[in-house]
Amino acid sequence: MSACKRLLYIVKHRGIWPSIWRRNVTTWSPVGAAFNAKPHRRLELFEKNVGLFGVPELSSPAGFEVTTKRALKDTQELVDKVCSSPPGAVTVETFDQLSDGLCKVADLADFVKVAHPDPSFREAAEKTCIEIGTVVEKLNTNVDLCRSLKNLLDNKDVFAQLDPETRKVAELFMFDFAISGIHLDEKLRKEAVKLHVKLLDLNNEFLMGSHLPNRIAKSAIPEYIHCHFATEGSFIQIGGLHAESSNDLVREVAYRIFLYPNADLMECLEELLKCRNKLAKLVGYESYAHRALQGTMAKTPETVMNFLQLLTDKLSERTAIDFEMIKDMKTKLNPLNAELMPWDPPYFSGVLRAERYNIEPSLYSPYFSLGSCMEGLNSLFTKLYGVSIMSEHPSAGEVWNDDVRKLAVVHETEGLLGYIYCDFFHRANKPHQDCHFTIRGGRQCQESGQYQLPVVVLMLSLPHPTKSAPTLLTPSMMENLFHEMGHAMHSMLGRTRYQHITGTRCATDFAEVPSILMEYFATDYRVVNQFARHYQTGQPLPQSMVARLCESKKVCGAADTQLQIFYSALDQMYHGKPQNRSTTDILKDMQHKFYGLPYTPNTAWQLRFSHLIGYGAKYYSYLMSRAVASMVWKQCFVQDPLNRDAAETAHH
């Protein structure tokens with residue numbers, strides 16, 4: 001079946017939405033219809049199971065062992081090849097092929113271990129992550145492998161003839177060797193590998209634990225708030241902060257219980273930080289932060305802390321005003337309990353915005369059906385980059401849940417650029433965080449002459465459509481969708497020759513720039529006007545409502561930024577020189593210095609700080625990316641956000 005016929009088939013047979021709200025809207029595009037339709041359980045009795053993401057072996061959990069063994073066999077062959085080849089471009093190409101073979105298995109497993117509904121798939125994926133991770137750490141201290149790359153870098157005549165991208169990738173691979181301890185003697189190299197492997201386990205344990213709910217006996221909290229939480233027998237289960245709840249007690253209970261210290265996880269974090277520091281010292285750095293920041297724009301922890309202190313000083317007056325306004329609002333609504341607590345700012349700043357600008361989310365949601373937002377993204381990408389997103393019908397076994405949608409990203413002249421799997425809807429045991437996963441990076445395959453298409457997953461936790469309405473997004477949900485789609489398009493449009501530097505594998509300082517830039521588009525009327533229309537009447541969202549929404553974002557903006565500064569400072573302190581005090585004592589100190597609201601006894605927010613794993617000593621880069629995105633918006637898009645030439649300039 002041709003792509004065009006297949007798309008028509010999807011719209012005809014699956015793009016069916018309930019008649020109760022179909023009547024007045026007849027203009028959904030195929031991609032809009034696909035996301036505004038309720039998913040139907042498919043009968044796959046006679047369809048061949050193609051395996052997760054089209055990997056045939058992954059039709060069952062046992063397939064992870066098969067793919068791991070094959071990847072390790074291919075790895076050994078490529079190591080032998082690169083060690084026996086004369087220095088040249090083929091050295092870098094083989095290194096990238098070697099890296100890609102391991103990443104394709106490890107990255108897919110990284111996603112499956114947190115997102116697959118079936119525990120047997122999750123366990124098999126977790127085992128694969130550890131196996132591949134162990135091999136990667138051994139390769140990073142493989143002297144023969146390093147020597148083959150060093151021969152290239154030392155051969156000035158050959159190195160000078162390489163193109164700039166190839167030279168850069170060669171230097172990055174050598175940098176990986178250097179920070180892994182390749183310069184150490186054999187005994188210390190083995191010690192470094194052992195620490196790396198131990199950290200793989202600790203990272204995984206902390207990441208999984210940071211998402212687990214806490215529970216408390218029903219009898220310990222007032223019965224009238226039980227309905228706000230999930231129940232499990234005689235227990236209440238609390239899996240988040242409920243920061244937007246209007247009930248003060250619900251927010252407080254959620255904060256105190258969700259952040260209640262788990263002794264095992266606390267021990268895991270303390271051990272993780274000790275191991276990171278020990279590894280950094282072993283390979284020649286003052287601290288883990290010094291090691292992590294080498295090669296970044298900031299370069300040293302001192303520069304990062306100066307940046308955070310400078311931001312704090314610049315914001316201090318505005319932050320104080322924000323907290324005063326929030327406190328006044330709490331006093332007004334709750335005069336008997338007016339002290340401002342850490343669980344208050346998200347809710348009361350929202351009340352302030354709503355009251356001052358009349359931006360109650362329920363007024364906006366009817367205009368932001370998921371389908372219309374996806375249409376908006378499609379329209380925006382078409383205008384800026386000549387790229388369309390098209391809904392495709394996944395094959396049997398290709399996706400891990402019935403409500404996962406598959407999108408093909410197609411360029412007007414270059415054709416298919418890659419695939420985005422959209423895991424958008426809430427389900428039990430799914431992480432609450434919105435995030436982007438690279439399943440496969442783009443690269444030019446020298447062995448086949450073809451370009452390997454990137455594959456990514458976007459994960460959100462949106463409400464399911466109902467019988468009477470499609471999924472309706474609040475303004476913040478819509479902004480998050482645009483943000484995550486920014487990551488996805490970064491992966492699609494990168495088209496790098498090497499997967500080692502593709503998409504979000506760029507320098508950490510810039511990894512968030514495309515996604516934060518998308519937030520600017522999400523709140524510009526000239527963009528929003530292209531897609532925001534009422535799901536029943538088709539009426540566009542009034543310009544005045546968008547203007548109010550944009551203005552409201554400035555309310556308490558300083559306090560919001562200051563919270564990110566506090567998180568960034570905490571991250572730096574955890575990864576600096578050891579302080580012989582607990583992670584909770586460090587948190588108290590940083591909260592006092594960089595945020596101001598009192599620490600709540602018997603809480604440990606750091607145990608929910610999952611970014612410590614992927615962004616260890618680099619969480620500040622979120623603030624750096626925000627500054628760069630602001631600059632790009634002002635220089636390229638503020639005059640005309642739909643300008644193709646400006647988009648091409650920003651892209652390059």
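On a predicted model such as this, the values are computed, not experimentally measured, just so you know.

**Considering a negative patch on the surface**
Phase 1 of the analysis: Taken together, Asp201, Glu205, Asp264 and Glu267 make up a surface patch of like negative charges.
Phase 2 of the analysis: Of all the secondary structure elements, the ones that give two or more residues to the negative patch are α10 (186-211) and α12 (263-282).
Phase 3 of the analysis: By the secondary structure assignment, Glu205 is in helix α10.

**Some remarks on the UniProt feature "domain: Peptidase M3A/M3B catalytic" (unreviewed entry) in the protein**
Phase 1 of the analysis: When the UniProt feature table is mapped onto this chain, "domain: Peptidase M3A/M3B catalytic" (unreviewed entry) is found at residues 242-645.
Phase 2 of the analysis: Between the end C-alpha atoms of residues 242-645 the distance is 43 Å, and the span holds 49% helix and 10% strand.

**Digging into unusual backbone geometry**
Phase 1 of the analysis: In this model, Lys299 sits at a positive phi of 70°, which is unusual for a non-glycine residue.
Phase 2 of the analysis: As for its placement among the helices and strands, Lys299 is situated in the loop between α13 (288-293) and α14 (301-333).

**Remarks on the side chain of His226**
Phase 1 of the analysis: Its place among the elements puts His226 in the loop between β1 (214-217) and β2 (230-232).
Phase 2 of the analysis: Of note is the side chain of His226, whose polar atom sits 3.1 Å from the backbone oxygen of Ile221.
Phase 3 of the analysis: In this structure His226 touches Lys218, Ile221 and Ile236, once residues within four positions along its chain are discounted.

**Observations concerning the nonpolar core**
As a rule of thumb, soluble globular proteins bury nonpolar side chains together.
Phase 1 of the analysis: Judged by nonpolar contacts, the single largest core of 137 residues is most densely connected at Phe368, Met374, Ile420, Phe424 and Met485.
Phase 2 of the analysis: With ten residues, α12 is the largest single contributor of residues to this core.
Phase 3 of the analysis: Grouped together as the second largest cluster of nonpolar side chains are 26 residues, Val112, Val399, Ala408 and Met459 included.

**What to know about helix α6 (residues 119-139)**
Phase 1 of the analysis: Compared with an ideal rise of 1.5 Å per residue, which puts 21 residues at 30 Å, α6 spans 30 Å between its outermost C-alpha atoms and is within 8% of the ideal.
Phase 2 of the analysis: Buried within α6 are the following residues: Phe121, Arg122, Ala124, Ala125, Thr128, Cys129, Ile132, Gly133, Thr134, Glu137 and Leu139.
Phase 3 of the analysis: Check the buried side of α6 and you find it contacts α4 (63-84), α5 (89-115), α7 (143-154), α9 (164-180) and α10.

**Here's the deal with the pattern of salt bridges**
Phase 1 of the analysis: Tallied over the full model, the rule gives 39 salt bridges.
Phase 2 of the analysis: One salt bridge connects Asp154 with Lys150, and the closest N-O pair in it is separated by 2.8 Å. Residue Asp154 and its partner Lys150 are both found in helix α7; the two are separated by four residues, about one turn of the helix.
Phase 3 of the analysis: The exposure class of Asp154 is partly exposed, given its relative accessible area of 46%.
Phase 4 of the analysis: Several salt bridges share partner residues, and in doing so they unite Asp96, Asp100, Lys104, Arg443 and Glu447 into one network.

**Some details on the sheet that holds β1**
Phase 1 of the analysis: With respect to topology, three strands assemble into an open sheet ordered β1-β3-β2, the strand pairing being antiparallel. A strand with exactly one partner marks an edge of an open sheet, and here the two such strands are β1 and β2. Neighbour-to-neighbour, the strand axes of the sheet open up by a mean angle of 35°, direction not taken into account.
Phase 2 of the analysis: Here β2 runs beside strand β3 (residues 235-238); their pairing, made up of three bridges, is antiparallel. Across the sheet, Glu232 pairs through a bridge with Phe235, a residue of β3.

Criteria and cut-off values
- Residues numbered from 1 in each chain as written.
- Predicted model: local features only at pLDDT ≥ 70, side-chain atom pairs only at ≥ 80, totals over all residues.
- Heavy atoms only, no water.
- Patch = residues over 30% accessible without salt bridge, like charges linked within 9 Å, V, L, I, M, F, W, Y side chains within 5 Å.
- Areas by Shrake-Rupley, 256 points an atom, 1.4 Å probe, with all protein chains shown as cover.
- Salt bridge = Lys/Arg side-chain N within 4 Å of Asp/Glu carboxyl O.
- Lys, Arg positive; Asp, Glu negative; His and termini not counted.
- Charge placed at Lys NZ, Arg CZ, Asp CG, Glu CD.
- Helix = DSSP H or I, 4+ residues; strand = E, 2+ residues; numbered from the N terminus.
- UniProt positions renumbered as here; feature names shortened; annotations may be inferred.
- Polar contact = N/O pair within 3.5 Å; in protein donor to acceptor, adjacent residues only side chain to side chain.
- Contact = heavy atoms within 4.5 Å.
- Core = buried A, V, L, I, M, F, W, Y, C linked by side-chain atoms within 4.5 Å.
- Buried < 20%, exposed > 50% of the residue type's maximum accessible area, 1.4 Å probe, protein only.
- Expected span 1.5 Å × (residues − 1).
- Pairing = 2+ DSSP bridges.
- Axes fitted to C-alpha atoms, helices over the stretch in contact; angles between N-to-C directions.

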